[in-house]
Amino acid sequence: MARKTKEEAEKTRQALLGSAFKVFSEKGYAKTTLQDIAEDAGVTRGAVYWHFKNKTDLFEKLFDFAFLPVRNMLFSQFDKDVPPHKMLSNVMKVWLSHAGGDDNFRAAFGIMFNKTEWSEELMPFKLKFREYEFKFIKKVELIIEQGQKEGIFREELKPTIVAAQYFATLLGLAQYTLFFPEEVDIDKKSEPFIEMFMHSCLKET
């Protein structure tokens, strides 16, 4: 009986997350209420509070659900024993795969960058997210520096600028595929984008 109850609770939690994706995408964070999400999920508002403290907590858990597995995959690429240019290519490939083909990731990305007004109540979440972004950028800087030492990347490149451009390219392509999904399938056709960026960095041989 206890097992069944636990399974039902998890089913309700998943339904709430699914409804949160839908309602936040349609109405944005500010105009969405927990009642909206509860009604869409077909549960009571009390059921929402059983799983989440408040709307901000639900918002954060939603992004953990969508982004955390991808973030872990991205950072795991930095630990692999591969040449610097291959490492950056692999990271970009993982990102583009999810930006183009992961429905939860795409929905969460769209909510964060197109449907969220960054009010005071969301600042702790925004700062935490920014910390991960900054850590990612610094990792890329180190990879560029290592690639220069190994004679793979051009010596005149400034790692801080390359890392900023790399980061902006990832975000820009994710946004592009949300706005113009019919133009290019970056999930299945990521190689040209990767090759274009890497060509701008690689030392001529």
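Here the structure is a predicted model, which means the values were calculated and not measured.

A. Spatial organisation of the domain arrangement of the chain. Domain boundaries in the chain define domain 1 (1–52) and domain 2 (55–200). Computed from C-alpha coordinates alone, the two centres of domain 1 and domain 2 are separated by 28 Å. Each side of the interface is counted separately: domain 1 has 16 residues, and domain 2 has 18 residues. Between domain 1 and domain 2 the total buried area reaches about 1,600 Å² when both faces are included, carbon and sulfur atoms providing 73% of it. Looking at the side of domain 1 facing domain 2, the largest losses of area belong to Phe21, Phe24 and Tyr29, adding up to 49% of the total buried there.

B. Here's a closer look at the pattern of salt bridges. For the coordinates displayed, the defined rule picks out nine salt bridges. Notably, a salt bridge pairs lysine 22 with aspartate 40, separated by 3.0 Å at the nearest N-O pair. Of this pair, lysine 22 sits in helix α1 (residues 2–31) while aspartate 40 sits in helix α2 (residues 34–41), and the two are 18 residues apart along the sequence. Given a relative accessible area of 41%, lysine 22 falls into the partly exposed group. Arginine 154 is the salt-bridge partner of glutamate 156, the closest N and O atoms lying 2.5 Å from each other. Residue glutamate 156 is classed as exposed on the basis of its relative accessible area of 52%. The exposure class assigned to arginine 154 is partly exposed, which follows from its relative accessible area of 25%.

C. Fine view of the packing of helix α6 (residues 103–114) against helix α8 (residues 159–179). The interhelical angle for the contact between α6 and α8, taken along N-to-C directions, is 100 degrees, at an axis separation of 10 Å. Taken together, the axes of α6 and α8 lie roughly perpendicular to each other. The segment α6 lies against α8, with Arg106, Phe109, Gly110, Phe113 and Asn114 engaging Leu171, Ala174, Gln175, Thr177, Leu178 and Phe179.

The rules behind these values
Residues numbered from 1 in each chain as written. Predicted model: local features only at pLDDT ≥ 70, side-chain atom pairs only at ≥ 80, totals over all residues. Heavy atoms only, no water. Domains from an automatic or database assignment. Contact = heavy atoms within 4.5 Å. Buried area = accessible area lost by both parts, 1.4 Å probe. Salt bridge = Lys/Arg side-chain N within 4 Å of Asp/Glu carboxyl O. Helix = DSSP H or I, 4+ residues; strand = E, 2+ residues; numbered from the N terminus. Buried < 20%, exposed > 50% of the residue type's maximum accessible area, 1.4 Å probe, protein only. Axes fitted to C-alpha atoms, helices over the stretch in contact; angles between N-to-C directions. Parallel < 35°, antiparallel > 145°, perpendicular 65-115°, else oblique.

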